[in-house]
Amino acid sequence: MDVGELLNYQPDRGAKRPREEDGGAAGRDEDSRGGKQQKGLSARELARYREAGVGLEGGGDMRETEELALDKKKILEKLMDQDEEEPEAEPVDESSVKKMILTFEKRSYKNQELRIKFPDNPEKFMESELDLNDIIQEMHVIATMPDLYHLLVELNSVHSLLGLLSHENTDILSPEPHVAIAVVDLLQELTDIDTLQESEEGAEVLIDALLEGQVVALLVQNMERLDEQVKEEADGIYNTLAIVENMAEFRPGLCTEAAQQGLMQWLLKRIKTKMPFDANKLYCSEILAILLQNNDNTRELLGEMDGIDVLLQQLSVFKRHNPSTAEEQEMMENLFDALCSCLMLAANRDRFLRGEGLQLMNLMLREKKMSRTSAMKVLDHAMIGPEGADNCHKFVDILGLRTIFPLFMKTPKKMKKTGASEKEHEEHVCSIIASMLRNLKSQQRSRLLNKFTENDCEKVDRLMEMHFKYLEAVQQADKRIEGEKHEMVRRGEILDDGIEDEFYLRRLDAGLFVLQLICYIMVEISNSGISQLQQRVHQILNLRGGSVKVVRHTMREYAESIGDGKSEEFKEAERKRIMDLVDNF
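Going along each chain's sequence as written, the residues are numbered from 1 onward. Local features in this predicted model are restricted to residues of pLDDT 70 or higher, and side-chain atom pairs are both shown and tallied only at a pLDDT of 80 or more, whereas totals for entire chains, interfaces and linings draw on every residue. Values shown for side chains rest on all heavy atoms present in the structure; no hydrogens or waters enter the calculation.

In the annotation of an unreviewed UniProt entry, the entry for the chain reads Catenin, beta like 1, and the organism field reads Sander lucioperca. A UniProt comment under Subcellular location (unreviewed entry) is attached to the chain, and it reads "Nucleus". UniProt positions are given in the numbering used here, feature names are shortened, and annotations may be inferred rather than shown by experiment.

Colleague: What exactly am I supposed to notice about the nonpolar core here?
Modeller: A general feature of soluble globular proteins is that nonpolar side chains tend to end up buried together. Only buried Ala, Val, Leu, Ile, Met, Phe, Trp, Tyr and Cys residues count toward a nonpolar core, and they belong to the same one when joined by side-chain atoms within 4.5 Å. Partly exposed residues are those whose accessible area sits between 20% and 50% of the maximum for their type, while under 20% is buried and over 50% is exposed, using a 1.4 Å probe and protein chains only. Formed by 153 residues in total, the largest nonpolar core has its most connected members in L263, L288, L339, F352, M361, M436 and I525. Note on contacts: a residue pair qualifies if any of its non-hydrogen atoms lie within 4.5 Å across the two residues. With residues near it in sequence (within four places) discarded, M361 still touches L312, F336, L339, F352, A375, V378 and L379.

Colleague: I tried to follow the packing of helix α26 (residues 497–526) against helix α27 (residues 531–543) on my own but got confused; where do I start?
Modeller: What describes two packed helices is the angle between their axes and the distance between those same axes. Angles here are taken between N-to-C directions and fall from 0 to 180 degrees, while the axes themselves are lines fitted to C-alpha atoms, restricted in helices to the stretch in contact. A helix here means a DSSP run of H or I that spans at least four residues, while a strand means a run of E at least two residues long, and both kinds are numbered starting from the N terminus. At a minimum axis separation of 8 Å, α26 and α27 run at an interaxial angle of 135°. Of the possible angle classes, the one that applies to α26 and α27 is oblique. For the pair α26 and α27, contact is made by M522, I525 and S526 and by L533, Q534 and V537, respectively. Residues that form the contact of α26 with α27 fall into these classes: four nonpolar, two polar and no charged. For classification, angles of less than 35 degrees are called roughly parallel, those exceeding 145 degrees roughly antiparallel, those between 65 and 115 degrees roughly perpendicular, and all remaining angles oblique. Gly is placed with the polar residues, together with every amino acid not listed as nonpolar (Ala, Val, Leu, Ile, Met, Phe, Trp, Tyr, Cys and Pro) or charged (Asp, Glu, Lys and Arg).

Colleague: Help me out: how do you make sense of the pattern of salt bridges in this one?
Modeller: A side chain of one charge can pair with a side chain of the opposite charge when the charged atoms of the two come close. Just to be clear on terms, a salt bridge is a Lys or Arg side-chain nitrogen sitting within 4 Å of an Asp or Glu carboxyl oxygen. Per the stated rule, a full pass over the model turns up 35 salt bridges. Of the charged contacts, one joins R491 and E493 as a salt bridge, the two residues approaching to 2.8 Å between their closest N and O atoms. Taken together, the shared-partner salt bridges connect E422, E426, R462, E465 and K469 into one network.

Colleague: Would you take a moment to explain the environment of E129 for this structure?
Modeller: Structurally, E129 can be placed in helix α6 (residues 122–138). Along the chain, E129 and R107 lie 22 residues apart, while their C-alpha atoms are 8.2 Å from each other.

Colleague: How do you make sense of the environment of S324 when you look at a structure like this?
Modeller: Along the chain, the position of S324 falls in the loop between α17 (307–315) and α18 (326–342). Classification of S324 as exposed rests on a relative accessible area of 63%. In protein, a polar contact means a hydrogen-donor-capable atom and an acceptor-capable atom, both N or O and within 3.5 Å, with residues adjacent in sequence counting only if both atoms are side-chain atoms; elsewhere, any N or O pair within 3.5 Å suffices. Of note is the side chain of S324, whose polar atom sits 2.7 Å from the side chain of E328.

Colleague: Would you mind showing me how to read unusual backbone geometry here?
Modeller: When glycine is set aside, most residues are seen to have a negative phi, and most peptide bonds are trans. Of note, E356 is a non-glycine position whose phi angle comes to about 60°, a positive value. Tracing the sequence through the fold places E356 in the loop between α19 (346–354) and α20 (357–367). The phi angle at L399 is positive, at roughly 65°, despite the residue not being glycine. Among the structural elements, L399 can be located in the loop between α22 (389–397) and α23 (401–409).

Colleague: What is the right way to read the packing of aromatic side chains from this model?
Modeller: A ring pair, where both rings are aromatic, is described by two values, the distance of the centres and the angle of the planes. Only Phe, Tyr and Trp rings take part, Trp by its six-membered ring, and two of them pair if their centres are within 6.5 Å. Stacked means planes under 30 degrees apart, edge-to-face means over 60, and tilted covers everything else. Evaluated as defined, the whole model comprises four aromatic pairs. Relative to Y283, the ring of Y238 has its centre 4.5 Å away and its plane inclined at 40°; by these criteria the two rings are tilted. Residue Y238 is found in helix α13 (residues 231–250), and its partner Y283 is found in helix α15 (residues 279–292); the two are separated by 45 residues along the sequence. Judged by its relative accessible area of 1%, Y283 is buried. With a centroid separation of 5.5 Å and 90° between ring planes, the pair formed by F405 and F452 is classed as edge-to-face. Taken together, the residues span a long stretch of sequence, with F405 in helix α23 and F452 in helix α25 (residues 442–490) at a distance of 47 residues.

Here it is, written out as structure tokens:
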């Protein structure tokens, strides 16, 4: 192998998680950071080649041919010396890891000492910086042995690594790699979720030490000073987000702490930055959705930071335009999911209302773009339950009934494109109408009920058509479940609560929840005092061989399962209200 070949060799030192999940063209294109990119040269090699003036991309500032050859020769000699000094076959065990950690500590201390001694003379500490970077690269091997993670903690190197995250080697004069970015790469590999799951004990020790050292706050501070126009630094941000994702997956409870240590603020700032769409923006949207999942603390924090407005501004782009790539579509879905999570908190419903979120979602429903399905889901979350009353009234005021009922009458054919099912669409539409029937008062309620009388009660006909469709689906599921239960009893198995819950979830999935919503709408409009509606409901039930008993049974089941997470008084009042409607049906 000649010098040129050796220098052009690019080891694959990419992040463990592939940057392009689906392996699409965007991932292969170096500039369209649509997924995790593979790094060509490591940080250390890049810096050294830059120092030597080697043209890495075939262009740039090329030196004189003789100088270039000389520099190449020097590098080759150094690489060969390293090969002699560091035999590859050294086994990785506890003593070699200890030795590696101690070498790292020594080099870190030496670098720190020289930086303090010669703060204005980078040449004096450049060599120590490269040595430090070398040992950090070597420490990647520890990620293959998570059961030895306790050594990193016992020998205090987690503390030292975290200290290097604020390492000030962003000097214009020094061409060496960012030590902080090398640390991020190492932490990303150490916290890889597959590795953490290999040794629960080692993972717990490492994560505890990182959290104790306020790792998220330090990572955020480091991201603040990175320039995403530089590919290496953009990769550093991507790997930082990967660390957060890994830790959050291993220990979901840390999301609140992470959000409060500046991460939420940084994510919102990055999402609204006017930059071309890239992998980092996609990843930010993903991390944001993860932080908000099942967590009222982070939802409240986002609301207080005007995050609802940020989400609405970012989503407004998709009002009249479809996402241009699959990655951008994924980001749009992540932002919609984040918004839906936020709306689980009552205080955010009010912020959504004031931020004209209803108007935006209503426009999206009318525009018939990809965002329509998700906009429907957001409206459902905004209007459900007693906390959604103000949004329900406002929705009628902005002529939302004109938008929602055509979608109730006919499920759009383009649903497949957005990956949503017909059942999902019908569930959200019925849930929105049920929420309005529950929450609307006076004039707005009359406007809603009048919709059902229009065109010879065509909407009641559609409602009854859906009733029989979902009733049949649920009956088929019930038959299958009964068969399975019978088989289990025959084998002598016990049907405990866990199995019963699993069967109930399967029934809900088969369409029971949509059937419950439809039956609720049926009993609500039948109790509205408009005899025309009640007559039509009963007329169609009789014509199709339906039964009032089945409707009542479905509603009783619905009343029993109502109000998860609500207070006991609310549950009781709501059950009584529903049973009163059922008794008068």
